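# Reading the structure
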Amino acid sequence: MKQADQIKEKVKQYEADLLEFARDLLKIKSYTFEEEEAVKRVIQEMNKLGYHKAYIDQCGNAIGEVGIGEDVILFDGHIDTVFEGDIKKWTVDPFGAEIKDGKLYGLGASDMKVAGAVMVYAAAIMKELGLLHGKKIVVSFSVMEEDMDGVALDYVLTHDGYQPKAVVICEATDLRLCRGHGGRSMFRVNMPGIPTHCSRPEDGVNAVYEMQEIISRVQKLSQELLSQERKFGTIALSKIESESASLNAVPYNCSIYLDRRTTSGLTPGMQYAEMDQLVEGTKAVWEVVDIHHKTWSGYDAVMHSILPGFELGKDAELVQAAYKAYREIFDGKEAEEFRFKGTTNAVSCAGKYNIPTIVFGAGVENMCHAIDEYCPVDHLSAVCSFYVSLVANL
């Protein structure tokens, strides 16, 4: 029997348990920074599957190890979800984990509890099939990705001590292969003014009025970037706020927030030079936005909002192994490729640390953050088989 057939047969034996585990996770609320119950459920399943090690790290991530080899291959998925929004618009219970017409419904079905459940089972199946000679599989079911891209995985890489030779980010890809995506940076521009009573505006300087020049420059830059078909990313003003003593006082400060979507070649230094040009000749100053949050476990997390993109070449060992695994599992078909418009935890492992990384996972990309979110049930076995075959080919 061919190895691919053995893999598919073994995965089939676990289909019912995998589906039940995925449904269990969907029934547990795990909004960002509120993931404790779901994380503990993951550890329970890892122990049930015979992981060599399963633990919750200080950051609050669920971490599991299978195999004892020196070559570390890390699979990462996030367990947190956004809020469901207006529940009246859902036609199914967001936490019901209902199955209808071959689709598993629920908040986090595609983003990305089901994909995470798949990676948990795939690692156990790799071990059972004896495919881990010289390899160690690390499964990171990480927290707070929705608000703080890459921070939890960064903790796994720097504090938990893993140095993987390859990383698979298990976000939903519609069974397509992603070997690169853009990055994201967040900047705040602060413009000072001089306060005065609104009955005497001539005595002060309105910071909002002064900011108009910066806003005009941002708009011009945005149009230029879009005219170049996103070759150098995009920029958008996402928020504006002002400070004044009262509603009858001229604002003494105005701040705008800029969301800069970047390409893999746009270095932080290039972005900083761009920001310098945006404020040149004005009294405005800019800064990188730092976001602070405490995880469910009490860890003080900080996201420095320079999140690099990445691009992994087709000739990379990981990509070639992925191509081969795809052909083996999907009956000779070649993997279709695509790029995320957004970001994933790959901003850490690939963008920051240059670890070879691909993104591939169960689920439908445009179902992420959507009403009546679902994941096709047949994705579970297919993606699980792909992961096992991928490791076998590395």
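A brief report on the enclosed structure follows. Every value quoted in this text rests on a predicted model; they were computed, and no experiment measured them.

### What about helix α5 (residues 207-227)?
- The end-to-end C-alpha separation of α5 is 31 Å, in line with the 30 Å expected for 21 residues at 1.5 Å each.
- If you follow the buried residues of α5, they end up packed against β9 (183-192), β10 (234-243), β11 (253-262) and α6 (268-279).
- Its side-chain oxygen 2.9 Å from the backbone nitrogen of Val208, Asn206 forms the N-cap of α5.
- Looking one or two places after α5, you find Glu229, whose phi comes out positive at around 55°.

### Considering the side chain of Ser140
- With respect to the element layout, Ser140 can be found in strand β6 (residues 135-142).
- Judged by relative accessible area, Ser140 falls into the buried class, the value being 0%.
- Of note is the side chain of Ser140, whose polar atom sits 2.9 Å from the side chain of Asp76.

### Points about the pattern of salt bridges
- According to the stated counting rule, one finds 23 salt bridges in the structure shown.
- The partner of Glu65 in a salt bridge is Lys136, and the shortest N-O contact between them spans 3.7 Å. Here the residue Glu65 occupies a position in strand β2 (residues 62-66), and Lys136 occupies one in strand β6, the gap between them amounting to 71 residues. The two residues Glu65 and Lys136 agree in class, both being buried.

### Quick look at unusual backbone geometry
- Of note, the bond from Asp111 into Met112 is cis; its omega dihedral lies within 30 degrees of zero at -15°.
- Within the secondary structure layout, Met112 lies in the loop between β5 (103-105) and α3 (113-128).
- Even without being glycine, Met144 reaches a positive phi, approximately 50°.
- Within the secondary structure, Met144 is located in the loop between β6 and α4 (151-158).
- At Asn354, a position not held by glycine, the phi torsion is positive, near 60°.
- For Asn354, the location among the structural elements is in the loop between α8 (346-352) and β17 (357-359).

### With respect to the sheet that holds strand β18 (residues 374-376)
- Reading across from one edge, β4-β5-β18 is the order of the three strands in this open sheet, with antiparallel pairing throughout. Where the open sheet ends on each side, the last strands, each with one partner, are β4 (99-100) and β18.
- Where β5 lies against β18, three bridges are found, and the strand directions are antiparallel. The residue bridging Lys103 from the neighbouring strand is Pro376, located in β18.
- Relative to β5, helix α1 (residues 3-27) is tilted by about 30°, and along the sheet it contacts β4 and β5.

So, how was this worked out
- Residues numbered from 1 in each chain as written.
- Predicted model: local features only at pLDDT ≥ 70, side-chain atom pairs only at ≥ 80, totals over all residues.
- Heavy atoms only, no water.
- Helix = DSSP H or I, 4+ residues; strand = E, 2+ residues; numbered from the N terminus.
- Expected span 1.5 Å × (residues − 1).
- Contact = heavy atoms within 4.5 Å.
- Polar contact = N/O pair within 3.5 Å; in protein donor to acceptor, adjacent residues only side chain to side chain.
- Buried < 20%, exposed > 50% of the residue type's maximum accessible area, 1.4 Å probe, protein only.
- Salt bridge = Lys/Arg side-chain N within 4 Å of Asp/Glu carboxyl O.
- Pairing = 2+ DSSP bridges.
- Axes fitted to C-alpha atoms, helices over the stretch in contact; angles between N-to-C directions.

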